[in-house]
There are 2 protein chains.
Amino acid sequence: MNAELISVGTEILLGQIVNTNAAWLAQRLAELGVNVYRQETIGDNLERLSMAIRESLDRADILILTGGLGPTDDDLTREGVAMAMSLSLEEDGAQRQWLEERLGQRMTENNLKQALKPAGAIILPNPGGTACGYAVPADGRWVFMLPGPPWEMEAMYRDHVRPFLQRTYALNTHLYSRILHFIGIGESALETELLDLMRRQKDPSMALYAKTGEIELRLTTRAETEELAMAQITPLEEQIRNRVGQHLYGYDDDTLFTVTAKMLLERGLTLSVAESCTGGLLGNLYTDIPGSSGFFCGGWIAYSNEMKMQHLGVPAEILERYGAVSARTVAAMSQGARSASGSDLAISISGVAGPGGGSESKPVGLIYQALASQEGTLLFRNTYSQDRLRNKFRAAKQSAYLLWLYLQGLPVPAANQATLEN
Amino acid sequence: MNAELISVGTEILLGQIVNTNAAWLAQRLAELGVNVYRQETIGDNLERLSMAIRESLDRADILILTGGLGPTDDDLTREGVAMAMSLSLEEDGAQRQWLEERLGQRMTENNLKQALKPAGAIILPNPGGTACGYAVPADGRWVFMLPGPPWEMEAMYRDHVRPFLQRTYALNTHLYSRILHFIGIGESALETELLDLMRRQKDPSMALYAKTGEIELRLTTRAETEELAMAQITPLEEQIRNRVGQHLYGYDDDTLFTVTAKMLLERGLTLSVAESCTGGLLGNLYTDIPGSSGFFCGGWIAYSNEMKMQHLGVPAEILERYGAVSARTVAAMSQGARSASGSDLAISISGVAGPGGGSESKPVGLIYQALASQEGTLLFRNTYSQDRLRNKFRAAKQSAYLLWLYLQGLPVPAANQATLEN
């Protein structure tokens, strides 16, 4: 079973948009055991599009097109498929009615295009937008058209295309992966610890990926059921855990944020934040987690010194003598947040995010963090990059790491230790 | 002059890597006035690769391949080009010597592959890695092979391929774009307002793109200098502004956040935030802007009702009677934040981000916002989607929209109006 992907849109062809849809679909098809042999990008041009579709249908069993299903003149995927397959475009009554109900007064003449389908096509509903998708039969092969916006495309694939493919082609084996997340160890050090396993091991396969501030190890095998796959993966995972388990913080979709959130919920602990340079990012990342109100009280975005003094009780003399970016300031911020919110734990962050504001003693990228608890205050220091957004993200992530260390009862690594004199 | 791009690599085909090289090259070629009509991705397979190269050479004047130039068995781009063009692979003495000097002891048998070139090819040096690039003549057309790692590919394009193309094809003109950002108007409505222009207008060209909560219009023309390009673009821009200028909030890299930040700085106004369901996202987005400390004081992440009452002074009876997601609550939050921070303006947000917590009267996606100023309090209401992260982002963006409306002296649109009784 092999598939090809065609991404439609001049904005991709001109490089104005990076094509993430193709990568996402390729991964999903690999999971099903469908080989993707070719991906193409074609602009909003009817001749070239229908030509590319015809060529793909000569090679592939499954063709998936994304994009070009909007209401405007340069949305041409419907027309391209119809031309390539010599089908007429006809109005689908149910789809027209659905559009009219959804759009009401806002319905314009050009929206009517979105009620058209190539003769014989099955409509795939799109709860997230006005562009429906299509499945078009082509002599035992199938052509799918999905909308371009990733969230609409992904939902339509999951809800309609994947079950359709599994049913139609009896796709019984699946690719199963188990991802292990490591923190506090570098990629080379981790590879050195596991090198003999990685060289010996063919199935499940092992692959290391360096992510921002952490390392991911992916164990992959193909099997008919998850149970059979896990019977392959679990013994290998155990060997790995025996060697480097102290750095293993989670599995699969886990992040440092979800893992620490779960630990807080399990232990009935509450958290507040006091953010300076991250400007609310840490709170934002914790509140991305559904149910975060079970442990997250909220906090302060103490961006100005006035906010730090008036609402978190940071003494003016500390700000004057040690500066806003100092161990003493973050210690006072975390203690102030803990006491003003009544939370069990409070995390504070203050640093030089950049690009301006750096000095010789406090360079861009220097960031302090503190964690206040009933046992006292933990301090954490790191120097990141020259890049403002990366510095903010790394600092937020390190805060979750600091919380994880505290909840695991582990010490702050020597390289990150700070004292009140810093 | 038209070009095609082929990205080589099974890791892209499987979706393990998102292909950013194609977008980068497409932008650079567009700047030179070279049309890219097709981008393809092919895996590490000699037959399929040479077939795709042959097909591209039937259509394009310029073919650029990226990736597959490493030393290992599955690096097949050299072989694929040689096979497609019926050329032999021969060793390049100078390249072999360069490799031996660079690698010394680390030189392995398979590195010798990297000294091979298709007969007649010009070697393009790579100071950043062991893979050289190639320019291969093909009956007046040219095939380029560039390494896969983006930094090596980009440097090689800039230093060797671009000057080569400019010289060979006498490319003197450049593509210039002006992007207009619209808010408060849908894609169909905007297109309807501009349809006659869009149909008539060929140069500068006009293209509409729907982005999250806003619409982008791109005006593009080709010229020898930026001045000549703007002489083409400006009169068209003026016609557009005359029709829909009330929805035009910015140009090019502007966002609602940067535009409102600039207005605040210019008028010497300060801003604080009181965020419930967005959990710090609004503060985070404003503090992504370098220099935001010039207008942003900070604020409160008032996630729990206790935070809303104790630190923002929201009366308990409002929370009891109207709920945390209500016009009265956001009004009190914004007034509380304004007075406690001493800022000129304060924005508050409270809503049901989802996926849980919705009810019949307060469904998932319902979000209230308020803006407190010395003139009083503006209210804003919208219902978004079922998706938690999207709801948070849309709400943060609408807050910047509310601020923009206020700073422009424009009313809240009828569809978004709320009263204290909601």
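A brief structural summary. Given the structure is predicted, the values throughout are model-derived calculations rather than measurements. (Residues numbered from 1 in each chain as written. Chains lettered and ligands numbered in written order. Predicted model: local features only at pLDDT ≥ 70, side-chain atom pairs only at ≥ 80, totals over all residues. Heavy atoms only, no water.)

**What to know about helix H3 (residues 46–59) of chain B**
Residues and elements named next belong to chain B. Between the first and last C-alpha of H3 there are 20 Å, a value that for 14 residues agrees with the 20 Å anticipated at 1.5 Å per step. Of the positions making up H3, those classed as buried are Leu-49, Ser-50, Ala-52, Ile-53, Glu-55, Ser-56 and Leu-57. Two or three places before Glu-47, at the start of H3, stands the capping residue Asn-45, its side-chain oxygen 3.2 Å from that residue's backbone nitrogen. (Helix = DSSP H or I, 4+ residues; strand = E, 2+ residues; numbered from the N terminus. Expected span 1.5 Å × (residues − 1). Buried < 20%, exposed > 50% of the residue type's maximum accessible area, 1.4 Å probe, protein only. Polar contact = N/O pair within 3.5 Å; in protein donor to acceptor, adjacent residues only side chain to side chain.)

**A few points about unusual backbone geometry**
Each neighbour pair has its own omega, and for A:Gly354 with A:Pro355 the value is 0°, a cis peptide bond. Assignment of secondary structure puts A:Pro355 in the loop between strand E15 (345–351) and strand E16 (366–373). One non-glycine residue with positive phi stands out, namely B:Asp139, at about 50°. With respect to the element layout, B:Asp139 can be found in the loop between strand E7 (133–138) and strand E8 (141–146).

**Quick notes on the layout of surface pockets**
Taken as a whole, the second largest pocket spans an internal volume of roughly 880 Å³. Lining of the second largest pocket is provided by 34 residues; of these, A:Gln27, A:Glu31, A:Leu175, A:Ser177 and A:Arg218 occupy positions nearest its centre. Elements with a minimum of two residues in the lining of the second largest pocket: helix H2 (21–32), strand E2 (35–42), strand E9 (174–182), strand E10 (205–211), strand E11 (214–223) and helix H8 (226–244) of chain A together with helix H1 (10–13) of chain B. Partitioning the lining of the second largest pocket into residue classes produces 14 nonpolar, 11 polar and nine charged. (1 Å grid on protein atoms, 1.4 Å probe; cavity = no way out; pocket = protein on both sides within 12 Å on 5 of 7 lines; lining within 4 Å. Points joined across faces, edges and corners; volume = space filled by probe spheres on them. Nonpolar A, V, L, I, M, F, W, Y, C, P; charged D, E, K, R; others polar.)

**Remarks on the pattern of salt bridges**
Opposite charge on two side chains lets them pair, provided their charged atoms get close. Under the criterion given, the structure shown has 47 salt bridges over all chains. A salt bridge links B:Asp139 to B:Arg141; the shortest N-O distance between them is 3.8 Å. Taking the relative accessible area as the measure of exposure, B:Asp139 reaches 76% and is therefore exposed. For B:Arg141, a relative accessible area of 22% corresponds to the partly exposed category. For B:Glu214, the salt bridge goes to B:Lys397, with nearest N and O atoms at 2.8 Å. Residue B:Glu214 is found in strand E11 (residues 214–223), and its partner B:Lys397 is found in helix H14 (residues 388–408); the two are separated by 183 residues along the sequence. Residue B:Glu214 is classed as buried on the basis of its relative accessible area, which comes to 7%. Each of A:Glu4, A:Arg38, A:Glu40, A:Glu55, A:Arg59, B:Glu4, B:Arg38, B:Glu40, B:Glu55 and B:Arg59 takes part in one network of salt bridges that share partners. (Salt bridge = Lys/Arg side-chain N within 4 Å of Asp/Glu carboxyl O.)

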